[in-house]
Amino acid sequence: MSRLLPSLLALAVLLTFAPASTESRMRVLVIDGQNNHKWDITTPVLKHALESSGAFSVEVSTTPAKGADAAAWEAWNPKFTDYAVVVSNYNGELWPEKVRTALDAYVLAGGGFVAVHAANNSFPEWQEYNRMIGVGGWGGRDENSGPWLYVKDGRLFRDVSPGKGGAHGPQHEFVVEVVNEDHPVTRGLPKRWLHTRDELYSRLRGPAENVEILAAARSDLTAELEPSLMVIQHGKGRVFHTTLGHADYSMLCRGFYLTLQRGAEWAATGDVKLTAAVPADFPTEDKTSPVALEGHPKQLPPEPKK
Ligand code: ZN
């Protein structure tokens, strides 16, 4: 006992004076592995966006590659309940039933979920997932998937006219407008800010239950204010859905960073406290605010040829 005491004391001192450990941070699981986008390039940006806030510690679970056999899928079994929030950077093959059931159960019981950009293209056939994300695009979505959601006269509007779900024009910078400034995710943000080069998703369709649009952007294609940031209540769980984030350069902007951090915190806890501070370099209506990250271009790549 007398020999154990000094080491116990040392441990007590260490625990008292150690800086906030990663243990106290909200645990995030990012899922990637298949996407019609460069998920291997964007996942490190999502990880940086979250961890640079100091509020999160991020792990990544990568699914088997497209066309993998059943044994590979059998071995992929993320334990969602170990995490405060699950972030999807995935758009690909349907997950095995047991993983789908586990995610449904996790969110319904109060887990947090975040869908980033093409994650809303995923799983047109998985009904519970579509209720979770509210609306999605492509993958054969149409009026049978649910209404087209946009903002009309300042309010959420469900357009039931027939048509395909999911569209976007060429990538460009566009202004994101806050539609609900009273939500923890958008509180204190400028009413309008310039988002860096990205695809402006439009004509998203889905069950659109318990969904709220927090911010939206005017589409050249539809002339409507199409949702950029949404929140969805799903059972006891909370879902944050950002349609932004086509490429690393679309994410490497202070506006994307802060809204992802706040959305993830809100999905995890129902409030925004740790990521509430609006940085002085948050974009304005006329000026984006690039974030530098090693291994990613400092400048936007040349405009794609039209
Ligand atoms: Zn895209």
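Scroll up for the structure.
Only a predicted model underlies this, so the values are computations on that prediction, with no experimental measurement involved.

(A) The arrangement of the overall build of the protein in detail. A tally of helices and strands in the protein yields seven helices and eleven strands. Viewed in the frame of its principal axes, the protein has a C-alpha envelope of about 80 × 50 × 35 Å. Across the 306 residues that make up the protein, the buried fraction comes to 52%. In the protein, the share of contacts with a sequence separation of at least 24, taken over all contacts with a separation of at least 6, comes to 70%.

(B) Broad picture of the environment of Ala217. Inspection of the secondary structure assignment puts Ala217 in strand β9 (residues 211-218). The buried category is assigned to Ala217, whose relative accessible area is 1%. Considering only alpha carbons, one finds Ala217 and His117, 100 residues apart in sequence, at a separation of 14 Å. Setting aside anything within four residues of it in sequence, one finds Ala217 in contact with Phe174, Val175, Leu200, Glu224, Leu225, Glu226 and Ser228.

(C) Broad picture of the coordination of the zinc ion. The protein atoms that coordinate the zinc ion are His37 (NE2), His117 (NE2), Glu199 (OE) and His246 (ND1), at distances spanning 2.0 to 2.2 Å. Angles of 90 to 157 degrees at the metal separate the four donor atoms of the zinc ion, which places the site in the irregular class. One chain supplies every donor for the zinc ion, spaced along it as H-x79-H-x81-E-x46-H. Here His117 is found in the loop between β4 (112-116) and α5 (127-133), whereas its partner His246 is found in the loop between β11 (237-242) and α6 (248-251), with 129 residues between them in sequence.

(D) Spotlight on the packing of aromatic side chains. Per the stated rule, a full pass over the model turns up 15 aromatic pairs. Residue placement shows Arg27 over the ring face of Tyr83; its charged tip is 4.8 Å from the ring centre. The ring of Phe157 has Lys152 lying over it, and the distance from NZ or CZ to the ring centre is 4.3 Å.

(E) Quick peek at the nonpolar core. One finds Val28, Leu50, Val114, Val116, Phe256, Tyr257 and Leu260 to be the most contacted residues of the largest nonpolar core, which totals 42 residues. If one sorts the elements of this core by residue count, helix α7 (residues 254-269) sits on top with eight residues. Val99, Phe123, Leu149 and Val211 belong to the second largest nonpolar core, which has 35 residues in total.

(F) Inspection of the pattern of salt bridges at higher detail. What the rule picks out here adds up to ten salt bridges. Salt-bridge contacts for Asp82 lead to Lys79; the nearest nitrogen and oxygen are separated by 3.6 Å. Looking at Asp82, the relative accessible area reads 33%, which means it is partly exposed. With a shortest N-O distance of 3.0 Å, Glu209 and Arg131 are connected by a salt bridge. In this pair, Glu209 sits in the loop between β8 (192-198) and β9 while Arg131 sits in helix α5, placing the two residues 78 residues apart along the sequence. Overall, Arg131 belongs to the partly exposed group, its relative accessible area being 34%. Three or more residues are tied together by salt bridges with common partners; here these are Glu128, Arg131 and Glu209.

(G) Structural detail: the pairing of β9. Counting buried positions along β9 yields six of eight residues, so the element is predominantly enclosed. Of the pairings in the sheet, the one linking β9 to strand β10 (residues 225-234) comprises seven bridges and is antiparallel in character. Residue Ala215 lies in a different strand from β10, and its bridge partner there is Leu229. Where β9 folds back on β10, the antiparallel hairpin that results is connected by six residues, among which Ala223 adopts a positive phi of roughly 65 degrees.

(H) Representation of the pairing of strand β6 (residues 155-159). Where strand β5 (residues 148-152) and β6 come together, five bridges link them in antiparallel fashion. Of the residues in β6, the one forming a bridge with Tyr150 is Phe157. In this antiparallel pair of consecutive strands, β5 and β6, the connection spans two residues, and Asp153 shows a positive phi of 50 degrees.

(I) Summary view of the packing of helix α2 (residues 39-51) against α7. Running from N to C, α2 and α7 cross one another at 70 degrees; their axes reach a closest spacing of 9 Å. Considering the angle they form, α2 stands roughly perpendicular to α7. From α2, Val45, Leu46, His48, Ala49 and Leu50 reach across to α7, where they touch Phe256, Tyr257, Leu260, Gln261 and Ala264. Residues of the contact of α2 with α7, tallied by class, amount to eight nonpolar, two polar and no charged.

(J) Inspection of the side chain of Thr196 at higher detail. Within the secondary structure, Thr196 is located in strand β8. Among the residues examined, Thr196 registers a relative accessible area of 5% and is labelled buried. Beyond its immediate chain neighbours, meaning those up to four positions away, Thr196 contacts His172, Glu173, Tyr249, Ser250, Cys253, Thr288 and Leu300.

(K) Highlighting helix α4 (residues 97-108). In this model α4 runs 16 Å from its N-terminal to its C-terminal C-alpha over twelve residues, within 8% of the 16 Å that 1.5 Å per residue would give. Within α4, the full set of buried residues consists of Val99, Arg100, Leu103, Asp104, Tyr106 and Val107. The arc that holds the buried residues of α4, viewed along the axis, is 165 degrees, so those residues lie on one side. On the buried face of α4, the contacting elements are β3 (85-88), β4, α5, β10 and β11.

The rules we used
- Residues numbered from 1 in each chain as written.
- Predicted model: local features only at pLDDT ≥ 70, side-chain atom pairs only at ≥ 80, totals over all residues.
- Heavy atoms only, no water.
- Helix = DSSP H or I, 4+ residues; strand = E, 2+ residues; numbered from the N terminus.
- Buried < 20%, exposed > 50% of the residue type's maximum accessible area, 1.4 Å probe, protein only.
- Contact = heavy atoms within 4.5 Å.
- Donors = N, O, S within 2.8 Å, 3.2 Å for Na, K, Ca; no water.
- Tetrahedral: all angles 85-135°; square planar, octahedral: opposite > 155°, others 65-115°.
- Phe/Tyr/Trp six-rings, centres within 6.5 Å; stacked < 30°, edge-to-face > 60°.
- Lys NZ or Arg CZ within 6 Å of the ring centre and 35° of its normal.
- Core = buried A, V, L, I, M, F, W, Y, C linked by side-chain atoms within 4.5 Å.
- Salt bridge = Lys/Arg side-chain N within 4 Å of Asp/Glu carboxyl O.
- Pairing = 2+ DSSP bridges.
- Axes fitted to C-alpha atoms, helices over the stretch in contact; angles between N-to-C directions.
- Parallel < 35°, antiparallel > 145°, perpendicular 65-115°, else oblique.
- Nonpolar A, V, L, I, M, F, W, Y, C, P; charged D, E, K, R; others polar.
- Expected span 1.5 Å × (residues − 1).
- Arc of directions from axis to C-beta.

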